[in-house]
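The residues making up each chain are set out below.
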Amino acid sequence: EIASGRWQALVLQERGGTLACLANPQGREQDECVASLAAHKRFIELAGKYNVRVIVLGTWGPDAIWQGKLSRGLNRVVSGTKAEALDVGPLVREFGKKHGGTPMAIDAIGHPSVDANLLVASALYRQLTGNAPQAVAFATTAALLPAMSDIKPDQLLSQQPQLAGDGRETKIEQARLA
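Below, the structure is looked at part by part. This one's a predicted model, so the numbers in the text were calculated from it and none came from an experiment.

**A look at the state of the cysteines**
What the rule picks out here adds up to one disulfide. The disulfide bridge from Cys21 ends at Cys33, spanning 1.9 Å between sulfur atoms. Here the disulfide of Cys21 and Cys33 is right-handed, its torsion about the S-S bond being about 85°. Taken together, the positions of Cys21 in the loop between strand 1 (9–13) and helix 1 (25–28) and Cys33 in helix 2 (residues 31–49) put the pair 12 residues apart, joining distant regions of the chain. Side by side, Cys21 and Cys33 carry an identical accessibility label, which is buried.

Structure, rendered in structure tokens:
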């Protein structure tokens, strides 16, 4: 797909806090950490061969100490490459503090709420385009999947009927996006 020439950017999302392992020497030696870093580097290198911009999207942690590890790990992934780090963790955590009535997660694991997803999407839009996003109401019939969806890693998403949704329309009002 990357070689097709259809893509201008590749966004790699940090997986559930894995990159926090890069914050200390002992963590960097763990098999999962080595594999995650290697996978990120391979995608960054592959995208670079086809002049595809790479943004590595960070996640957020439950407290400032864990967030610091995530942020340092994210920066270590892009260090020495042309990839860009988009560290949304501090943004989401700060928004959550200022808006205590707005949940940033939908479960104890920390999967993002609709509001957190919109905040991250806004930051990603700004990173991709250089422009501030404009709040506009929209409706979609695309499936809005739960956090733990049954996604088959060896199949294209378009070939997985369990991800197709039921055709119902979801509306997001402008006020929720502002």
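Here the narrative resumes.
**A closer look at the environment of Ile106**
With respect to the helices and strands, Ile106 occurs in the loop between helix 4 (89–98) and helix 5 (114–129). For the pair formed by Ile106 and Phe95, sequence separation is 11 residues and the distance between their alpha carbons is 15 Å.

**Overview of the sheet that holds strand 1**
Spatial ordering of the open sheet is given by 1-2-3, a layout of three strands whose pairing is parallel. In the strand order of this sheet, the two ends are held by strand 1 and strand 3 (84–86), each with one partner. Sheet twist, expressed as the mean angle between neighbouring strand axes with direction ignored, is 25°. Pairing analysis gives five bridges linking strand 1 to strand 2 (residues 53–57), with the strands arranged parallel. Looking at strand 2, one finds that Leu12 is bridged to Val56. Docked against the sheet, helix 3 (residues 64–78) engages strand 2 and strand 3, running at close to 160° with respect to strand 3. Of the strands in this sheet, strand 1, strand 2 and strand 3 touch helix 5, which is tilted by about 155° from strand 2.

**Brief notes about the nonpolar core**
Core analysis: the biggest nonpolar cluster contains 16 residues, and Leu10, Ile44, Val54, Val56 and Val77 have the highest contact counts within it. Secondary structure elements with two or more residues in this core: strand 1, helix 2, strand 2 and helix 3. Counting residues in each nonpolar core, the second largest holds 11 residues, with Val92, Met104, Ala116 and Ala123 among its members.

Cut-offs used in this document
- All chains use their own residue numbering, which begins from 1 and follows the written sequence.
- Whole-chain, interface and lining totals are the exception, using all residues; otherwise, since this is a predicted model, local features are given only for residues with pLDDT of at least 70 and side-chain atom pairs are given and counted only at 80 or more.
- Side-chain measures here rest on the full set of heavy atoms in the structure, leaving out hydrogens and waters.
- In this description, a disulfide is simply a cysteine sulfur pair whose atoms lie within 2.5 Å.
- Secondary structure follows DSSP: runs of H or I at least 4 residues long count as helices, runs of E at least 2 residues long count as strands, and numbering of each begins at the N terminus.
- Three exposure classes are used, based on accessible area relative to the maximum for each residue type with a 1.4 Å probe and protein chains only: buried under 20%, partly exposed in between, and exposed over 50%.
- Paired strands, as defined in this entry, are two strands with at least two bridges between them according to DSSP.
- Fitted lines through C-alpha atoms give the axes, limited to the stretch in contact for helices. The angle between two N-to-C directions lies from 0 to 180 degrees.
- Should any heavy atoms of two residues lie within 4.5 Å, those residues are counted as being in contact.
- Think of a nonpolar core as a cluster: buried Ala, Val, Leu, Ile, Met, Phe, Trp, Tyr and Cys residues, connected wherever their side-chain atoms sit within 4.5 Å.

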